[in-house]
Amino acid sequence: MQLTDSGYRLSNDIDPVALGDKYGAPIYIYDSQIIKNQYQRMKQAFDVPKLKINFAVKSLSNINILKLFNKLGSGLDCVSIQEVELGLKAGFAPKSIIFTPSSVSFQEMQLAQKKGVRINIDNIPMLEQFGAEYPDMPISLRFNPHIFAGGNRKISVGHINSKFGISVHQLPHVLRIVQQLHLQIEGVHIHTGSDILDTDVFLAATEILFNTALSFPDLDYIDFGSGFKVAYKEGDNETDIELLGQKFSKRFNLFCKEYGKTLTLMFEPGKFMVSQAGIFLVQTNIVKQTPAAVFAGVNSGLNHLIRPMFYDAYHHIVNLSNPFGKKRIYSVVGYICETDTFGLDRQIAEIKEGDYLAILNAGAYGFMMASNYNSRLRPAEVLIHEGKDYLIRKQETMDDLLRNQIEIAL
Ligand code: LLP
C-alpha cells in the first residue's frame, strides 16, 4: 500500500477506504500483484538450472491464493492432509505438493501417500514404519541441523531442543534403516525457522545439509525450507534475497558438480510471498483517554490477528480515514475480553471513532491463525486482482458458529 496525494492506495489505484465501505470491516485484503512480484523476485534471485518454489500453505490457504500460485508455476508445502486436499482442489499436480508434517499419525501419512504427493519424513519411527509399508515410494527426509535461527523462540525450529526433523547426528541410524529397507531417498530437507535476517545463517545450515546429502546417492532435490524475513516497518531489514540468491546459487551449483548430478533447488516460503501483500482493515469503535494513554479500540482483536499478542510481532498501523492528519500517540487495542494490543504507543494520524485503520503485513499467518474466541465471527477476505476486487471469503455468520454444535435435551 502506498501513500499518494489522494491518500492510501492499493495497486491499480484502489482506495482501501472504498473497500471498507463496500465490504464492511474487519476485513483482510490481499493484493495479487505483490504476490506475483515476490514470486518473480525470488525466481530471479537464484541462478541455478532447476529451481522449485513451494508456497507454504500454512501462511495463507484461501483456494484463490493457491490457484494464483499454481498459475505462477509454484508448488506447495503442506503440513496437514487438509492442506494437501486444498492444494489438490486448487489444481496442483500431486507431485507439485510436498507433505512435511510433524508428529502426525501413520494414518495421515497413508492418506497423503494415496493422494500421490511427495512425502517428507521428520522422525525415525515414522521412517521405519512408512519405509516398511511403502519401500518402493521415493521419499525425502527432514533433518534438524541444530542451528538456532529465527525471529523469536516460538518460530525457531532447527535447534537442538526443537521437536522438528531428524537430528543430523542420527545420520548413521537413518542410513542403516535406508539400507535395510532398500529405501529410495529422493530429497533432503531442512527448515530452521521463520524471520531469519542473517544470510550467513542460511549458508551455515546449507553446509550441514550438503554434508548430509552426500550420504544419499540418488537425490533429485534439496529443500532448504524457508525463513526469509520481510520488513514489518519502514527502514526494517529484510532478508537480502538477491544477495542470498547470488551466494547460494554459486555454492549450490558447486555442490551439484561435486555430487555429480544437477539437483533441483527447493524453497518453501510463506511470509516472503504473502506477508506484505495483505492488510487487515479494521474500524475504530472508541477513542478512550485514560490517565496513562489514549486507546483506540477497534472492531477486532486477537481473535482475528494474533501475531502482535502471540509473538510480540510489530505490525505497522495507519489511519486510512485521515491519512494526512496530525500524528498523535495511541495504543490500538481490540474488543476481546483480555489484553489484545495491536500496537502500543504508536504515532498515528489523529483517530476519530469510525475511522478505518489498516494493520499492515497481514497476509501471512493473519487470517490463518484467526479463531472464534469470544464467539466472534471470522472476517471476510478480499483479493485485488488485475485492477478488480473480489470477495474470496464471506464473513462467518451465527449459523457458522452453531454449525457443528449439537443441542441435547438438558
Ligand atoms: N517450511 C516449513 C517446514 C515451515 O515449518 C514453515 C513455517 C515454512 C516453510 C514457512 O516459513 P515462512 O516463510 O513463512 O517463514 N506463525 C508464525 C510463523 C510460523 C512458521 C511455521 N513454519 C508467524 O506468524 O510468525
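The rules behind each value
Residues numbered from 1 in each chain as written. Predicted model: local features only at pLDDT ≥ 70, side-chain atom pairs only at ≥ 80, totals over all residues. Heavy atoms only, no water. Helix = DSSP H or I, 4+ residues; strand = E, 2+ residues; numbered from the N terminus. Rg over C-alpha atoms; globule rule 2.2 N^0.38 Å. Buried < 20%, exposed > 50% of the residue type's maximum accessible area, 1.4 Å probe, protein only. Contact = heavy atoms within 4.5 Å. Areas by Shrake-Rupley, 256 points an atom, 1.4 Å probe, with all protein chains shown as cover. Lys, Arg positive; Asp, Glu negative; His and termini not counted. Charge placed at Lys NZ, Arg CZ, Asp CG, Glu CD. 1 Å grid on protein atoms, 1.4 Å probe; cavity = no way out; pocket = protein on both sides within 12 Å on 5 of 7 lines; lining within 4 Å. Points joined across faces, edges and corners; volume = space filled by probe spheres on them. Nonpolar A, V, L, I, M, F, W, Y, C, P; charged D, E, K, R; others polar. Domains from an automatic or database assignment. Near = heavy atom within 4 Å. Polar contact = N/O pair within 3.5 Å; in protein donor to acceptor, adjacent residues only side chain to side chain. Salt bridge = Lys/Arg side-chain N within 4 Å of Asp/Glu carboxyl O. Expected span 1.5 Å × (residues − 1). Arc of directions from axis to C-beta. Core = buried A, V, L, I, M, F, W, Y, C linked by side-chain atoms within 4.5 Å.

### Regarding the overall build of the chain
If you tally the helices and strands in the chain, you get 12 helices and 20 strands. Taking 22 Å as the expected radius of gyration for a compact globule of 410 residues, we find that the chain reaches 23 Å, a close match to that expectation. With the C-alpha coordinates aligned to their principal axes, the bounding extent of the chain is approximately 70 × 60 × 40 Å. Looking at the 410 residues of the chain, the share that counts as buried comes to 56%. Residue pairs in contact within the chain that sit at least 24 positions apart in sequence constitute 67% of those at least 6 positions apart. Accessible area of the chain: about 18300 Å², with a carbon and sulfur share of 50%. Of the side chains in the chain, 41 bear a positive and 43 a negative charge, and the two mean positions are spaced by 1 Å.

### A short note on the layout of surface pockets
The space that makes up the largest pocket amounts to roughly 840 Å³. Forming the boundary of the largest pocket are 34 residues, of which Met1, Gln2, Glu234, His316 and Leu360 lie nearest the centre. Taken together, the elements giving at least two residues each to the lining of the largest pocket come down to strand 1 (2-4), strand 2 (7-9), strand 3 (27-31), helix 2 (32-45), strand 13 (278-289), strand 15 (317-319) and strand 17 (341-349). Looking at side-chain class alone, the lining of the largest pocket contains 16 nonpolar, 12 polar and 6 charged residues. Counting contributing residues, the lining of the largest pocket receives three or more from each of domain 1 (2-29 + 275-402) and domain 2 (32-271).

### A word on the site of the ligand
Close to the ligand lie 17 residues, the nearest being Ser194, Ser226, Lys271, Arg307 and Tyr365. Interatomic distance of 2.5 Å between a side-chain N/O atom of Ser226 and an oxygen atom of the ligand. At 2.6 Å, a side-chain N or O of Tyr365 approaches an oxygen atom of the ligand. Considering the ligand on its own, with 580 Å² of exposed area, one finds that the protein chains cover 91% of that surface.

### A few points about the pattern of salt bridges
Scanning the model with the defined rule gives 15 salt bridges in all. One salt bridge connects Asp400 with Arg403, and the closest N-O pair in it is separated by 2.5 Å. According to the relative accessible area criterion, Asp400 is partly exposed, its value standing at 30%. Judged by relative accessible area, which is 54%, Arg403 ranks as exposed. Sharing partners across several salt bridges, the network here consists of Arg9, Asp13 and Asp15.

### A word on helix 2
Taking 1.5 Å per residue, 14 residues should reach 20 Å; helix 2 reaches 20 Å between its end C-alpha atoms and fits that length. For helix 2, the set of buried residues is Ser32, Ile35, Gln38, Tyr39, Met42 and Ala45. Within helix 2, the buried residues cover an arc of 160° as seen down the axis, which keeps them to one side. With a side-chain oxygen lying 3.1 Å from the backbone nitrogen of Gln33, the N-terminal cap of helix 2 falls on Asp31.

### Section: the nonpolar core
Taken as a class, soluble globular proteins show a tendency for nonpolar side chains to be buried jointly. Counting residues in each nonpolar core, the largest one holds 101 residues, and the members touching the most others are Phe143 and Ile222. Each of domain 1 (2-29 + 275-402) and domain 2 (32-271) accounts for three or more of the residues forming this core. Apart from the residues within four sequence positions on either side, Phe143 is in contact with Gly165, Ile166, Ser167, Val168, Leu171, Val174, Val188, His189, Ile190, Leu209, Thr212 and Phe216. Counting 18 residues, the second-largest nonpolar core is a separate cluster that includes Leu10, Leu19, Leu281 and Val382.

### Comments concerning the environment of Leu68
On the secondary structure map, Leu68 appears in helix 3 (residues 63-72). A relative accessible area of 7% means that Leu68 is categorised as buried. The sequence separation of Leu68 and Ser162 amounts to 94 residues, and the corresponding C-alpha distance is 33 Å. The residues touching Leu68, leaving out its near neighbours within four places in the chain, are Ser32, Ile35, Lys36 and His385.

### A short note on empty space enclosed by the protein
Here the structure, examined in full by the defined rule, presents 2 cavities of 30 Å³ or more. Taken as a whole, the largest cavity encloses approximately 50 Å³ of empty space. Every residue lining the largest cavity is listed: Pro101, Ser102, Ser103, Val104, Met109, Asn120, Ile121, Asp122, Asn123 and Met126. Class assignment for the residues of the lining of the largest cavity results in 5 nonpolar, 4 polar and 1 charged. Of the volumes computed, that of the second largest cavity is approximately 40 Å³. Together, Ile190, His191, Thr192, Val201, Phe202, Ala205, Thr206 and Phe224 line the second largest cavity. Taken together, the residues of the lining of the second largest cavity sort by class into 5 nonpolar, 3 polar and no charged.

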